[in-house]
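Each chain is listed here by its residues.
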Amino acid sequence: MKLIYNIPDKLWWIHDFLDKDHYKTIHNSIIKERRDINLQSAIDVWDKNLHNNLVAPQRVDVSAYPPIEKLKWKLLNNSFFKCEDISSINTSIHYMKKSSGINWHSDNKWKYGATYYINTKWNIHWGGEFMFADTDAYGFLPIVGNSLVIVKAPLDHKVNPVLSNIMPRMSVQMFMK
């Protein structure tokens, strides 16, 4: 596990978040079960401003999904990020196909949001980058499999539209209160 980028008390980007075997288990479970996990458009769940002029991502809420339970435990018990007073974690799987993205927002109703990247390979020409902006820093983080981005609300961020019709951008989203 390596902390690659950090805005103190606002954003953490951690590579090699899980051991390779567990990462492979999560990846394979989500890939193999993608047709059976009832992915649905975020249109009816999200505020329309999040996906205005974009294709809304496909998503499904998951709870007690065995491949993801260790991921949630590791999120709450890692050496770089100490979340305090977390009473609940909402978890979902996101698939973002071509033209899917998420407009600027700050996740104000949560204490923290975390994105765990599933894709083992991602080409920089396929879009889908995580963008962030703050008074102290701004930039983007590329998609790197087995990496985790943690954002403390409120931090403005977005996901650029996916440009690939070959591969969806896949992630596990965790929102904490």
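Residues numbered from 1 in each chain as written. Predicted model: local features only at pLDDT ≥ 70, side-chain atom pairs only at ≥ 80, totals over all residues. Heavy atoms only, no water.

**Considerations on the sheet that holds strand S3 (residues 40–41)**
Reading across from one edge, S1-S2-S10-S7-S12-S5-S4-S3 is the order of the eight strands in this open sheet, with antiparallel pairing throughout. Edge positions in the sheet fall to strand S1 (2–7) and S3, since each has one partner strand and no second. The sheet contact formed by strand S4 (residues 58–62) and strand S5 (residues 89–96) spans five bridges and is antiparallel. Residue pairing in the sheet places Arg59 in a bridge with His94 of S5. The strands touched by helix H2 (residues 66–76) within the sheet are S4, S5, strand S7 (112–117), strand S10 (148–152) and strand S12 (169–176), with S12 carrying the most contacts at an inclination of about 55 degrees. (Pairing = 2+ DSSP bridges. Helix = DSSP H or I, 4+ residues; strand = E, 2+ residues; numbered from the N terminus. Contact = heavy atoms within 4.5 Å. Axes fitted to C-alpha atoms, helices over the stretch in contact; angles between N-to-C directions.)

**Quick look at H2**
Taken together, the buried positions of H2 are occupied by Pro67, Ile68, Leu71, Lys72 and Leu75. The arc that holds the buried residues of H2, viewed along the axis, is 125 degrees, so those residues lie on one side. Among the exposed residues of H2, those pointing more than 90 degrees away from its buried face are Pro66 and Trp73. The elements touched by buried residues of H2 are helix H1 (20–32), S4, S5, S7, S10 and S12. (Buried < 20%, exposed > 50% of the residue type's maximum accessible area, 1.4 Å probe, protein only. Arc of directions from axis to C-beta.)

**Here we look at the sheet that holds strand S6 (residues 102–105)**
Taken together, four strands build an open sheet; the order of strands is S6-S11-S8-S9 and the sheet is antiparallel. Either end of the sheet is taken by a strand with one partner, and the two such strands are S6 and strand S9 (138–141). Taken pair by pair, the neighbouring strands of this sheet meet at an average axis angle of 15 degrees, ignoring direction. Where strand S8 (residues 130–133) meets strand S11 (residues 156–159), four bridges bridge the pair, whose relative direction is antiparallel. By the bridge assignment, Ala133 is partnered in S11 with Asp156.

**Re the packing of aromatic side chains**
The tally for this structure, following the rule as stated, stands at eight aromatic pairs. Judged by centre distance (5.7 Å) and plane angle (40 degrees), the ring pair of Tyr5 and Phe132 falls under tilted. Highlighted residues: Tyr5 in strand S1 and Phe132 in strand S8, separated in sequence by 127 residues. Residue classification places Tyr5 among the partly exposed positions, given a relative accessible area of 30%. Note on Tyr23 and Tyr116: the rings are 6.3 Å apart at their centroids and 80 degrees apart in plane angle, and the pair reads as edge-to-face. Here Tyr23 is found in helix H1, whereas its partner Tyr116 is found in strand S7, with 93 residues between them in sequence. The same class applies to Tyr23 and to Tyr116, which are both buried. By the ring-pair criterion, three or more aromatic residues cluster together here, those being Tyr5, Phe130 and Phe132. Over the ring of Trp110 we find Lys177; its NZ or CZ atom is 4.9 Å from the centre of that ring. (Phe/Tyr/Trp six-rings, centres within 6.5 Å; stacked < 30°, edge-to-face > 60°. Lys NZ or Arg CZ within 6 Å of the ring centre and 35° of its normal.)

**Re H1**
Over its 13 residues, H1 runs 18 Å from end to end, which matches the ideal 18 Å to within 8%, given 1.5 Å per residue. The opening residue of H1 is Asp19, an N-cap whose side-chain oxygen sits 3.2 Å from the backbone nitrogen of Asp21. (Expected span 1.5 Å × (residues − 1). Polar contact = N/O pair within 3.5 Å; in protein donor to acceptor, adjacent residues only side chain to side chain.)

**Structural notes on the side chain of Thr91**
Assignment of secondary structure puts Thr91 in strand S5. Ignoring sequence-local partners within four residues, the contact set of Thr91 consists of Val60, Asp61, Val62, Ile68, Lys72, Val172, Gln173 and Met174.

**What to know about the environment of Lys70**
Looking at the secondary structure, you find Lys70 in helix H2. The contact partners of Lys70, leaving out residues within four places of it in the chain, are Asp19 and His22.

**Quick look at the nonpolar core**
Judged by nonpolar contacts, the single largest core of 30 residues is most densely connected at Leu71, Ile93, Tyr116, Ile150 and Met174. Of all the secondary-structure elements, those providing two or more residues to this core are strand S2 (11–15), H1, S4, H2, S5, S7, S10 and S12. When residues of this core are assigned to their parent elements, the largest contribution, four residues, is made by S12. Setting aside its immediate chain neighbours within four residues, Leu71 contacts Phe17, Leu18, His22, Ile26, Tyr116, Val172 and Met174. Of all hydrophobic cores here, the second largest spans 22 residues; its members include Tyr117, Ala137, Ile143 and Val159. (Core = buried A, V, L, I, M, F, W, Y, C linked by side-chain atoms within 4.5 Å.)

By themselves these figures say nothing about function.
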